[in-house]
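Here are the chains, one letter per residue:
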Amino acid sequence: MIQAVNKYTSISRCKLFVAALLTILTISSCNKIPVGYLQTEDASFAPDTMYAYRNIQPDDIHLLEKSPWTSLVIQGVAGTVPINYEFAGVQAKEGGDAAAFEKAVNAGHVTVQGGIVRVFQKAVESIPNGVYTLSLRVYNEGHSAILKDIITVVVEEDQPIAADESDF
């Protein structure tokens, strides 16, 4: 009878040891897992160039509704939500002025929200014609990436006249 009790006691101790070991390993491994993820390797705008004009056609929505010039939503970004976007820098060429563009961003006349770039007419009025290549910062909890030269904004003087269907 004593041998049977000792046999069961040693089995119980073995089970208790294994359970304690598994618990310790589980708890310690949980602390090493980073919060969330962020993948930006395939990030892009399609199209990757947007145009804004100083002189707008009288029937254009940008004039009638004071709508901003707007990109499509960025593609190829995946991660734990919420994913945030912000302006990270600009390079200017062909007559553009990077400092003036940054001033327009700081004034709220150029915004980046939800992966969409918006250029309001007040920005177009305050920056010279030129080509502006923007870099954006995308981030979420614990992760961040700079999307260098991800979209181009071209500011031109005159908006092209849209082809009328009656011309065809």
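Everything below is about the structure shown above.
Some words on helix α3 (residues 98-106)
Buried within α3 are the following residues: Ala100, Phe101, Ala104 and Val105. Down the axis of α3, the buried side of the element spans an arc of 145 degrees, and every buried residue falls inside it. Away from its buried face by more than 90 degrees, α3 exposes Ala99, Lys103 and Asn106. Those residues of α3 that are buried lie in contact with β5 (84-93), β6 (110-113), α4 (121-126) and β8 (130-140).

Things to note about the sheet that holds β5
Strands belonging to one sheet form pairs held by backbone hydrogen bonds; the direction of such a pair is parallel or antiparallel. Ordered in space as β2-β9-β8-β5, the four strands form an open sheet in which the pairing is mixed. The open sheet has two free edges, formed respectively by β2 (49-55) and β5, since each of these has just one partner strand. Averaged over all neighbouring strand pairs, the angle between strand axes comes to 30 degrees, with direction disregarded. As paired elements, β2 and strand β9 (residues 143-158) share six bridges and run parallel to each other. Bridge assignment links Asn55 to a residue of β9, and that residue is Asp158. Against the sheet, α3 makes contact with β5 and β8, and its axis sits at roughly 155 degrees relative to β5, the strand it touches most.

Reading the values: rules and limits
Residues numbered from 1 in each chain as written. Predicted model: local features only at pLDDT ≥ 70, side-chain atom pairs only at ≥ 80, totals over all residues. Heavy atoms only, no water. Buried < 20%, exposed > 50% of the residue type's maximum accessible area, 1.4 Å probe, protein only. Helix = DSSP H or I, 4+ residues; strand = E, 2+ residues; numbered from the N terminus. Arc of directions from axis to C-beta. Contact = heavy atoms within 4.5 Å. Pairing = 2+ DSSP bridges. Axes fitted to C-alpha atoms, helices over the stretch in contact; angles between N-to-C directions.

Bear in mind that shape data such as this cannot, by itself, settle questions of function.
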